[in-house]
Amino acid sequence: MNFKTVAILTSGGDAPGMNAAIRAVVRSAASKGIRPLGVRRGFNGLIYRDVFEMNIRSVSDIIERGGTILYTARSPEFLTDKGLKKAVDNCARMNIDAIVVIGGDGSMRGAERLCKSGINCICLPGTIDNDIACSEYSIGFDTAVNNAMLMIDKIRDTAQSHDRCNIIEVMGRRCGNIAVHTGMAVGATAILIPEYKFNFQKDIIDRINFTQSIGKRHFIIIIAEGLRQTQKINEEIVRKIGIESRVTILGHVQRGGSPSAKDRIAASEMGCLAVELLMSGENGKVIVVKNNRIIPIDIYAALKSKKLFDFNFYEKALEISV
Ligand code: F6P
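Predicted model only: the values in this text are computed from it and were never measured.

### Remarks on the site of the ligand
In the vicinity of the ligand, the residues found are R74, T127, I128, D129, M171, G172, R173, E225, H252 and R255. At a separation of 2.7 Å, an oxygen atom of the ligand approaches a polar side-chain atom of R74. Between R173 and the ligand, the recorded distance is 3.5 Å, taken from a side-chain N or O atom to an oxygen atom.

Below you can see the structure in the form of structure tokens.
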């Protein structure tokens, strides 16, 4: 194929490491003689032609920055037929031969709509939630878990000083991956996630009582935001056990800041692979991590996959947090 121009966009919630991916795509393309274009604010940028020329220097000093220099958005307009048509027509007007889309599940569905309309897209998984069914790993997850871990380490100092319970709500709209991985990293007494229907007595009260009986005097409890029960659980713990308890909602601090080495490296490798795939004429692919290897898979198959939750890992985290 006569492939000359690649556009890059980030869509959905920003994730640390997106900038490293943008940098890799731009530099890899430019060094192969491909013209890179930046699209601002996700699919909205295609609809409103908010597109600009990029080059090797336009991605200098961004590998260490969180967020996304391309800005991001969730675009309801793109979900309409009219919005899609505007985006597709603009791709033709701007001579865009392919688009690299960096984002989560919703962004991949957007890319699928473009593919069905004849625009070649390669997707990179980018969301802190790590909830993309087709990939074991998504850019931003490692940084988010590290951010949450560092915050909870600080909370533990004060929990321990007061013999208190501290409840920490972490992000994860429909997914407990941040909660479980952070829980393993900080040694949380209880971890509550949307994938598991918890029993208040068994999964919280009995666990606190048991660890108390073997000498523990402060308790870290992690709750994924998707459960929407953080305040209620706090009140119930105070009522049933009579210990002091405090709630911290970590919120967007988890999503910001400098990406970890793991996120930078994965994003860089994925960005380079996206350009290699386009150079070799591949069409409609998602780059995923499978069995710890970065590989491309077909976008239509990718979107049919079902995310499996690692209950074994969850149980191990709880077994040793006593
Ligand atoms: O999808 C990533 C995520 O951070 C979720 O964990 C969270 O539920 C959501 O985005 C928050 O979205 P917003 O930044 O729009 O409030």
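### Overview of the nonpolar core
By size, the foremost hydrophobic cluster in this structure holds 60 residues, and its most contacted members are I22, L124, I191 and I220. Considering each element in turn, this core owes the most residues, eight residues, to helix α9 (residues 261-279). The residues contacting L124, other than those within four sequence positions of it, are A21, V100, V101, I102, G103, M108, M270, G271, A274 and I287.

### Thoughts on a positive patch on the surface
The grouping of R74, R173, R174 and R228 at the surface amounts to a positive patch. With respect to the helices and strands, the residue R173 is situated in the loop between β6 (165-170) and α6 (177-186). The exposure class of R173 is partly exposed, given its relative accessible area of 41%.

### Things to note about the UniProt feature "binding site: Mg(2+)" (unreviewed entry) in the protein
UniProt records the feature "binding site: Mg(2+)" (unreviewed entry) for D105 in the present numbering. Within the secondary structure, D105 is located in helix α4 (residues 105-116). When neighbours within four sequence positions are excluded, D105 is seen to be in contact with I132 and L303.

### Notes on the sheet that holds strand β9 (residues 245-249)
In space, the four strands of this open sheet follow the order β7-β8-β6-β9, with parallel pairing throughout. Lying at the two open borders of the sheet, with one neighbouring strand each, are β7 (190-192) and β9. On average, each strand axis in the sheet is tilted by 15° relative to the strand beside it, whichever way the strands run. Where β6 meets β9, five bridges bridge the pair, whose relative direction is parallel. Bridging across to β9, I168 finds its partner in T248. Along the sheet, helix α7 (residues 200-213) makes contact with β7 and β8 (219-224), crossing β8 at roughly 160°.

What counts, and at which threshold
- Residues numbered from 1 in each chain as written.
- Predicted model: local features only at pLDDT ≥ 70, side-chain atom pairs only at ≥ 80, totals over all residues.
- Heavy atoms only, no water.
- Near = heavy atom within 4 Å.
- Polar contact = N/O pair within 3.5 Å; in protein donor to acceptor, adjacent residues only side chain to side chain.
- Core = buried A, V, L, I, M, F, W, Y, C linked by side-chain atoms within 4.5 Å.
- Buried < 20%, exposed > 50% of the residue type's maximum accessible area, 1.4 Å probe, protein only.
- Helix = DSSP H or I, 4+ residues; strand = E, 2+ residues; numbered from the N terminus.
- Contact = heavy atoms within 4.5 Å.
- Patch = residues over 30% accessible without salt bridge, like charges linked within 9 Å, V, L, I, M, F, W, Y side chains within 5 Å.
- Areas by Shrake-Rupley, 256 points an atom, 1.4 Å probe, with all protein chains shown as cover.
- Salt bridge = Lys/Arg side-chain N within 4 Å of Asp/Glu carboxyl O.
- Lys, Arg positive; Asp, Glu negative; His and termini not counted.
- Charge placed at Lys NZ, Arg CZ, Asp CG, Glu CD.
- UniProt positions renumbered as here; feature names shortened; annotations may be inferred.
- Pairing = 2+ DSSP bridges.
- Axes fitted to C-alpha atoms, helices over the stretch in contact; angles between N-to-C directions.

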